Structure formats: structure tokens, C-alpha cells
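Observations on chain architecture
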Amino acid sequence: MSLSPESLTDAAREYGTPLYVYDAAELDAALARVRAAFGDARVYYAMKANPNLTLLRRLHAAGVGFECVSAGEIARAEHVGAAGESLLVNGPAKSGAEYAAGARLGATFIVDRDEEVALLPPASRALVRVNPALAVSTHDHLATGAAGSKFGVTLEQAPGVLDALRAAGHDALGLHVHIGSAIRDAGDFTAAFGRLTDLRDRTGPLAVLDAGGGWGLDADLHGIAREARAAAEAFGAELWVEPGRYLVARAGQLLTRVVGTKRTGRHFVLVDAGMTELLRPMLYGAVHSVTALWDAPEHGLWDIAGPACESGDVLARGVTLPTPPRGALLAFGEAGAYGAAMSSAYLTRSRPAEALYEDGHWTLVRRRETPQDVWVAEEV
Ligand SMILES: Cc1ncc(COP(=O)(O)O)c(C=O)c1O
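Residues numbered from 1 in each chain as written. Predicted model: local features only at pLDDT ≥ 70, side-chain atom pairs only at ≥ 80, totals over all residues. Heavy atoms only, no water.

By the naming in an unreviewed UniProt entry, the protein chain is Diaminopimelate decarboxylase, taken from Deinococcus metalli. The Function (unreviewed entry) field of the UniProt record for the protein chain holds the comment "Specifically catalyzes the decarboxylation of meso-diaminopimelate (meso-DAP) to L-lysine." (UniProt positions renumbered as here; feature names shortened; annotations may be inferred.)

Okay, structure coming up:
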């Protein structure tokens, strides 16, 4: 990410901390990298990674569609003007409201189990999500294509579900596969796409192959794209992809201020952001890069902990930092994906503001919540 320490300091001064900051240029660059690798594949942004309306509007204007997994996400997509072919409605346990909203907007549904053939609105466009039963290179909680996972139909079931969709009057476009998130090894995708193409003799040609998302930030995008294209060609299908994290992670940072330091068995720097603003370290043991926006003659190894009364509220361990003065700023990198999106109001903490940097200027794209925002729905 290209934001200078000066511009980050300006944003923190203007909007306070904790603060999520986004760099429009990096978001555009990530989309350009995806398009360079995947050519004319249709891109659906998995908005679970970051549903901020300003980012959605920017992606929508760039011709990107949306993959939605809740009535709220569908409402966001509609709010920014997306409909029809630019909408995918996905999820393992869709509600009646989600089927109805998807149908009203003309979305394509991703069918996750055979029962859904009878639950879909009449004459729906549909893809069948296939679970390729593979162990992949990511945290267990991020793996969605393992044999025991709750997602998709089995390889064995998939051709029958396509047939059942057609028999029920739906437009069965093709197959979908998404094996997990933050996947490091491009070979995992090769294996998954290979298991799908093995179905070719039983499915016949298909209109669409949706290769999902899940690409680790340092994964070989061109290699994954090559394999995805080959799989789509095997079916004579158009290729669709659903990146979430890859598009927005590096465009975002979480800015937090040093509240103080403490020496127990370890050396802690206490900051004003924690698990409520960046859950991934606690949830998945995720490691985010850390940038200190100050300097000092002495450096040491520090654990960076948040304000929550939870022992697990530690954002990073054993990070080399200059001795931290109170009030100094720290930036957590790769926080554009699943940062704000997973933030919570636990402890009646106000969710942070979000600001976008473009052409040398900051714009507030979400105001900081107040305690009243957090409890307003309880005043019934
Ligand atoms: C079906 C589907 N597609 C795409 C994504 C996006 O994954 P990522 O953000 O890792 O690219 C997810 C994330 O869980 C998903 O479930």
C-alpha cells in the first residue's frame, strides 16, 4: 500500500482512531491485476470481505458484479444499483427473504444442496456448488472444500442436481467451486478444478464455470487463472470468478494509537484497537503486517494487545518495534478485507470510522458509531 506516514497521520488526526483507511489507487490496482490474469472472465466481488458502500460503488462502476450471502448484502447491492446478471446469491442456508430478493432482482443462485431445487423461485438461473473434497493450504476454519465441510454438493451428486434443476424448469448454467480463503498454494486450485473437469463426461457442456475466490495475497494469480480457464474450456463454459480478499485486503489498513505499555511475562504495547476491530488474529491466528509510524533509538520485541477484557485480544505477537511512546500510531496492513466487515460492537464499543484516500485527499466513507447507534434497536 502506497499511503505515506504523513497522510496516515493526517487521517488519524482528522477522524480519530481506531480508523480503517483505504487507498483507492490500490483497490483499482488489485482489480487491474485480476483482470490482467483472468482476461475476460466475469468478476463478482465477494462483498463479505468489505461491504462499504463507497467501495461497492467504485467496483460497480468498474463493471464488477457482487456475490451476496445475506439479505443485507443483497440490499447493499441493490442500493448501489446492481441487479440481474451482476448479482449472485449464495449461502448454505438461504432464507425465504433471500430467495425472494434474489428473484426480484433477477440474480443467479448458487445451489448448495439438492433440496434447494424445490426451494428456488420458479425459472431461476442457477449454478451448483460442488465440494471437491480436498484438504487445502489454509486454516481449518477457512477451508470450505474439505470432505467434512458443510458447503456444496458432492462430486457424485453434482450431475444429478444439474439434471434436477433442468427438470424443474430452472436454467442450470453450470458448476461453482470455492475451496476456501487465503489459500497459499496454487496447486490446491489445480486439484479442485481437476476434480470438476472429471465430471465433464457426466454433465456434458455447460454455459458457466464459476471458479470462486480464495486466492492468497501472494498466490500465483496467473497460474490459478490458467488452470481456471482450462477447466472452463473443458466444459465449453464462460469463466466467472469471485475474489473478495484479493481485491480489498491490501487497499486497507487499520490505524490505532498506543495507549501505553506494560511488562508482565511479556512486553505488551496496548493500543486502542483490538479483536472488535481486527478479529482475524484471534479467529484464525492470522498474521497482519505492522508498521510503526514513529522512530526511537531502541527497538524491542512487543506483543500488541487491545482494550478488550479477553486474554485472546492480542493483535500480534513478538513484533520488533521502536520503543513505543504513548499516542504514537501503528498501522496494521492487509486490513481492507475482513477487518471492518468482521468488526463488532462487543463491549458496546463504537465501530470505527472509515476513510478513503484518493488523489491526495481523504474522504470519510463511514462515520464512527456512537454508543447510541449501538443500542438504538433496544429502545423498543
Ligand atoms: C463462495 C465464496 N466465494 C468467494 C469468497 C471470497 O473469498 P476470498 O475473500 O478469500 O477471496 C468466499 C469467501 O468466503 C466465498 O464463500
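A few points about the overall build of the protein chain
A tally of regular secondary structure across the protein chain gives 13 helices and 18 strands. Taking 21 Å as the expected radius of gyration for a compact globule of 380 residues, we find that the protein chain reaches 22 Å, a close match to that expectation. The principal-axis extent of the C-alpha atoms belonging to the protein chain is close to 70 × 50 × 40 Å. Only carbon and sulfur atoms are counted for the fraction: they give 52% of the accessible area of the protein chain, which is about 15800 Å². For the protein chain, the separation between the mean place of its 35 positive charges and that of its 46 negative charges on side chains is 3 Å. (Helix = DSSP H or I, 4+ residues; strand = E, 2+ residues; numbered from the N terminus. Rg over C-alpha atoms; globule rule 2.2 N^0.38 Å. Areas by Shrake-Rupley, 256 points an atom, 1.4 Å probe, with all protein chains shown as cover. Lys, Arg positive; Asp, Glu negative; His and termini not counted. Charge placed at Lys NZ, Arg CZ, Asp CG, Glu CD.)

Some remarks on the pattern of salt bridges
If you walk through the whole model with that rule in mind, you get 20 salt bridges. The salt bridge partner of arginine 58 is glutamate 358, with a shortest N-O separation of 2.9 Å. Residue arginine 58 is located in helix H3 (residues 53-61), and its partner glutamate 358 is located in strand E17 (residues 353-358); the two are separated by 300 residues in the primary sequence. Take arginine 58: its relative accessible area is 23%, and that puts it in the partly exposed class. The partly exposed category is assigned to glutamate 358, whose relative accessible area is 33%. Residue arginine 366 is joined to glutamate 369 by a salt bridge in which the shortest nitrogen-to-oxygen separation is 3.5 Å. On the basis of relative accessible area, arginine 366 is assigned to the partly exposed category, the value being 29%. (Salt bridge = Lys/Arg side-chain N within 4 Å of Asp/Glu carboxyl O. Buried < 20%, exposed > 50% of the residue type's maximum accessible area, 1.4 Å probe, protein only.)

Considering the UniProt feature "binding site: pyridoxal 5'-phosphate" (unreviewed entry) in the protein chain
In this structure's numbering, the residues bearing the UniProt feature "binding site: pyridoxal 5'-phosphate" (unreviewed entry) are Gly214, Glu242, Pro243, Gly244, Arg245 and Tyr338. Mapped onto the elements of the fold, glycine 244 is located in the loop between strand E10 (238-241) and helix H11 (245-248). Ignoring anything within four residues of it in the chain, the contact list for glycine 244 reads Tyr45, Ala46 and Ala49. With respect to the element layout, arginine 245 can be found in helix H11. By relative accessible area, which is 13% here, arginine 245 ends up buried. (Contact = heavy atoms within 4.5 Å.)

Regarding unusual backbone geometry
Excluding glycine, residues mostly carry a negative phi; peptide bonds, for their part, are mostly trans. Cis peptide bonds are those with omega within 30 degrees of zero, and the linkage from threonine 17 to proline 18 qualifies with -10°. Mapped onto the secondary structure, proline 18 falls in the loop between helix H1 (5-15) and strand E1 (19-23). In the Ramachandran plot, glutamate 334 falls in the positive-phi region, its phi being about 50° despite a non-glycine side chain. Counting through the fold element by element, glutamate 334 comes out in the loop between strand E16 (329-332) and E17. Of note, the phi angle at aspartate 359 is positive, near 50°, even though the residue is not glycine. Note that aspartate 359 resides in the loop between E17 and strand E18 (361-366).

Comments concerning helix H8 (residues 186-197)
Taking 1.5 Å of rise per residue, twelve residues should cover 16 Å, and H8 covers 17 Å from first to last C-alpha, within 8% of that figure. By the burial criterion, the buried members of H8 are Ala186, Asp188, Phe189, Ala192, Phe193 and Leu196. Down the axis of H8, the buried side of the element spans an arc of 150°, and every buried residue falls inside it. Here H8 starts with a cap whose side-chain oxygen sits 2.8 Å from the backbone nitrogen of glycine 187, and that cap is aspartate 185. (Expected span 1.5 Å × (residues − 1). Arc of directions from axis to C-beta. Polar contact = N/O pair within 3.5 Å; in protein donor to acceptor, adjacent residues only side chain to side chain.)

Let's talk about the environment of cysteine 68
For cysteine 68, the location among the structural elements is in strand E3 (residues 65-68). Sequence spacing of cysteine 68 and alanine 46 is 22 residues, and the spatial spacing of their C-alpha atoms is 6.6 Å. For cysteine 68, the residues in contact, after removing those within four places along its chain, are Met47, Glu73, Ile74, Ala77, Leu87, Leu88, Val89 and Asn90.

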